[in-house]
Amino acid sequence: MGLYRYLLVCWSVVWTLTVVNASVNIASGKATNQSSVLHNWDSSKAVDGCVLTNMQSNCCTHTAAKLTEVWWQVDLQTQSVIESVNIIYRDENNLARLAGYEIFLSNTQDWTLGTRCHKDTTAELGSMAVTQYITCPGVSRYLTIYNDRRVKAKRWYSTDAILALCEVQVYGCPVGKYGNGNCNNDCMNCVNNTCDATSGTCDVCTAGYYKIGGICVQCPVNCAENKCDSFTGACSECKAGYHGSTCTQTCPTNCKDSICIQVNRFCTECAVGYHGDQCDMNCPFNCKDKFCNQTNGRCIGCGPDYHGSDCSLNCPDNCKDHACIQENGRCIECVSGFHGSKCVNMCGYCQDGRCDKDTGTCMTSCIDGLTGHRCDIKVVTLPSKEDDFKAAAVGIGSVFGVVIVALVIVIIVQARRHRSMNNQNTTRSTTMTDISLPSIGQERRAETDGTYAVIGAQERDKNITKMSAGDSSYEQLGYRERDVPHLYETT
């Protein structure tokens, strides 16, 4: 029985060294440590290449007895890609001590901060093997084997925690390397430069590459920033001008900056003057600067003198600068002299013709004689007492002036008439004075002395007769002209 077991162990070791030789045992000869040491069986004996499994061979490690926790650790010297671990344990009916072990990978000596890549869950002692073959993928610098007996998980586990490791083999390659037993090849285009230690295939490709059959190839040429899905090669985004999962199709011509949506070819924006999902329709002619809504073609602002959704309606005539609101056609401002929403109402009699667009209130003063907000009320002036006095004085003065002028005119007229009469009577009066003086003197004397009355009368009659016979010019005198002049007319 002992010979059979010995042969089985030797076969297991040979098989291990044969089948797990694609990558390299990167633990061999590396620095090690363990939680405690019994006698001279220190931690280095697990990486010395000796695979004998009894303690007398001096090829195995051994921790101290009567402990509840123990551990063994190897420093791989560099970040390494680990594929698998082989543990060859002491083969002297001690497998109950190994049962329940755990393996941790860490980047520092404090393995409790690392990750566990394996835990033994063998159901019964009979199933435990001297050589344990463990798949333990990961990237780390330190590998630690740990055993815990603070609580016995199974009845057949040993009471004390003891590790007696005859050899520990860690298969893998340093990060960035892979190979068939030599780790001489470089990983290509893998994230963190980490690839399978044997095949060189990447778990994940680096940016700009995606995996086809384990090989990382470059993303399609039209992927924006050279980014694509690391497994399918689908572009995250396309460069301007392209669409499709791998960005091999061109965008519509009228897309702004040649950019369209990757999955459906719709333009994100249209070039000026176009609208529609693929920007294949023209904007209405009167749109301001040719801009319209991409979805419905509605103008985004109208050119001068137009309004409406498609800017096909004319603004009211009296809008200032022909500008009106697109939605309702109302003027933004009115030309001078008009008001109202569409500037069809005339302002009142404002001084400069300008009034408020909404209310019609004059913005400056009214013309003379009118008042009110719209300058449509006639001004009526009520005089004050002082004004009454002044007006009365002016009136009286005016009347006196008229009367004086009239009197002056009358006097002038009378004076002229009197002068005319005087001129006419001058000649007549001279002649008649000579004729009438004797009679006048006789009359006066008769009044004082009646003796001469008859003589004077006779003499007067004679003189008149002589005058009439001697001067035919007096024959045409009228009755009034022949009357004896008054005394003041002959003196």
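Structure: above.
Residues numbered from 1 in each chain as written. Predicted model: local features only at pLDDT ≥ 70, side-chain atom pairs only at ≥ 80, totals over all residues. Heavy atoms only, no water.

Asker: I'm lost on the packing of aromatic side chains in this one. Help?
Answerer: In this description, a pair of aromatic rings is defined by centroid distance and the angle of the planes. Inspection of the entire model under this criterion finds four aromatic pairs. Each ring, one from Phe104 and one from Trp111, has its centre 5.1 Å from the other, and the planes form 50 degrees; the classification is tilted. Comparing Phe104 with Trp111 shows no difference in burial state: the two are buried. Pairing Phe104 with Tyr146 gives two aromatic rings, centres 6.4 Å apart and planes at 75 degrees, and the pair type is edge-to-face. Placement of the pair is Phe104 in strand 4 (residues 102-106) and Tyr146 in strand 6 (residues 131-148), with a sequence separation of 42 residues. Overall, Phe104 belongs to the buried group, its relative accessible area being 13%. For Tyr146, a relative accessible area of 6% translates into the label buried. Its end group placed over the ring of Phe285, Lys290 keeps NZ or CZ at 3.9 Å from the ring centre. (Phe/Tyr/Trp six-rings, centres within 6.5 Å; stacked < 30°, edge-to-face > 60°. Buried < 20%, exposed > 50% of the residue type's maximum accessible area, 1.4 Å probe, protein only. Helix = DSSP H or I, 4+ residues; strand = E, 2+ residues; numbered from the N terminus. Lys NZ or Arg CZ within 6 Å of the ring centre and 35° of its normal.)

Asker: How do you make sense of the pairing of strand 3 (residues 69-89) when you look at a structure like this?
Answerer: Looking down a regular strand, the side chains alternate between one sheet face and the other. Within strand 3, 16 of the 21 residues are buried, leaving the element largely enclosed by the surrounding structure. Examined bridge by bridge, strand 3 and strand 6 share 15 bridges and lie antiparallel to one another. Pairing of Val70 across the sheet is with Asn147, part of strand 6. Direction of pairing for strand 3 relative to strand 7 (residues 165-174): antiparallel, over a ladder of nine bridges. Of the residues in strand 7, the one forming a bridge with Ser84 is Tyr171. (Pairing = 2+ DSSP bridges.)

Asker: Even after reading the chapter, I still don't get the environment of Met346, so can you show me in this structure?
Answerer: In this structure, Met346 sits in strand 19 (residues 345-346). Along the primary structure Met346 and Gly360 are separated by 14 residues, whereas in three dimensions their C-alpha atoms are 8.1 Å apart. Met346 has contacts with Gly337, Phe338 and His339, leaving out every residue within four places of it along the chain. (Contact = heavy atoms within 4.5 Å.)

Asker: Mind showing me how you'd approach the pattern of salt bridges here?
Answerer: Pairing is possible between side chains that carry opposite charge, provided their charged atoms lie close to one another. The final tally for this structure, using the stated rule, is 13 salt bridges. Across the salt bridge formed by Arg141 and Asp75, the nearest N and O atoms sit 2.8 Å from each other. Of this pair, Arg141 sits in strand 6 while Asp75 is found in strand 3, placing the two residues 66 residues apart along the sequence. With relative accessibility at 12%, the residue Asp75 sits in the buried group. Among the charged side chains, a network of salt bridges with common partners joins Glu69, Asp148 and Arg150. (Salt bridge = Lys/Arg side-chain N within 4 Å of Asp/Glu carboxyl O.)

Asker: Where do I start with the environment of Gly241 in this structure?
Answerer: Following the sequence through the fold, Gly241 ends up in the loop between strand 11 (215-218) and strand 12 (242-243). C-alpha separation for the pair Gly241 and Ile261, spaced 20 residues apart in sequence, amounts to 9.9 Å.

Asker: Help me understand the side chain of Lys45, please; the structure alone is not making it clear to me.
Answerer: Its location among the elements puts Lys45 in the loop between strand 2 (32-34) and strand 3. For the buried Lys45, no salt bridge exists, and the shortest N-O distance to an oppositely charged side chain is 4.7 Å, to Asp42. In terms of polar contacts, Lys45 uses its side chain to reach the side chain of Asn58, at 3.5 Å. Excluding residues within four positions of it along the chain, Lys45 makes contact with Asn40, Asn58, Cys59, Cys60, Thr61, Cys166 and Glu167. (Lys, Arg positive; Asp, Glu negative; His and termini not counted. Polar contact = N/O pair within 3.5 Å; in protein donor to acceptor, adjacent residues only side chain to side chain.)

Asker: Teacher, can you tell me more about the state of the cysteines here?
Answerer: A covalent bond between the sulfur atoms of two cysteines is what we call a disulfide. Evaluated as defined, the whole model comprises 22 disulfides. Paired by a disulfide, Cys205 and Cys216 hold their sulfur atoms 2.0 Å apart. Its S-S torsion of approximately -90 degrees makes the covalent link between Cys205 and Cys216 left-handed. Of this pair, Cys205 sits in the loop between strand 9 (185-186) and strand 10 (209-212) while Cys216 sits in strand 11; the two residues are 11 residues apart in sequence, bridging distant segments of the chain. Judged by relative accessible area, Cys205 falls into the buried class, the value being 5%. Using a relative accessible area of 8% as the deciding quantity, one classes Cys216 as buried. Linked covalently through their sulfurs, Cys219 and Cys228 form a disulfide whose S-S length is 1.9 Å. Its torsion about the S-S bond being -70 degrees, the disulfide of Cys219 and Cys228 is classed as left-handed. With respect to burial, Cys219 and Cys228 carry one shared label: buried. (Disulfide = S-S within 2.5 Å.)

Asker: Help me out: how do you make sense of the pairing of strand 11 in this one?
Answerer: Across four bridges, strand 10 lies against strand 11 in antiparallel orientation. Among the inter-strand pairings, Tyr210 is bridged to a residue of strand 11, identified as Val217. Taking the residues between adjacent antiparallel strands as the criterion, strand 10 and strand 11 are bridged by two residues, where Gly213 takes a positive phi near 60 degrees.

Everything listed here is a matter of geometry and, on its own, says nothing about what the molecule does.
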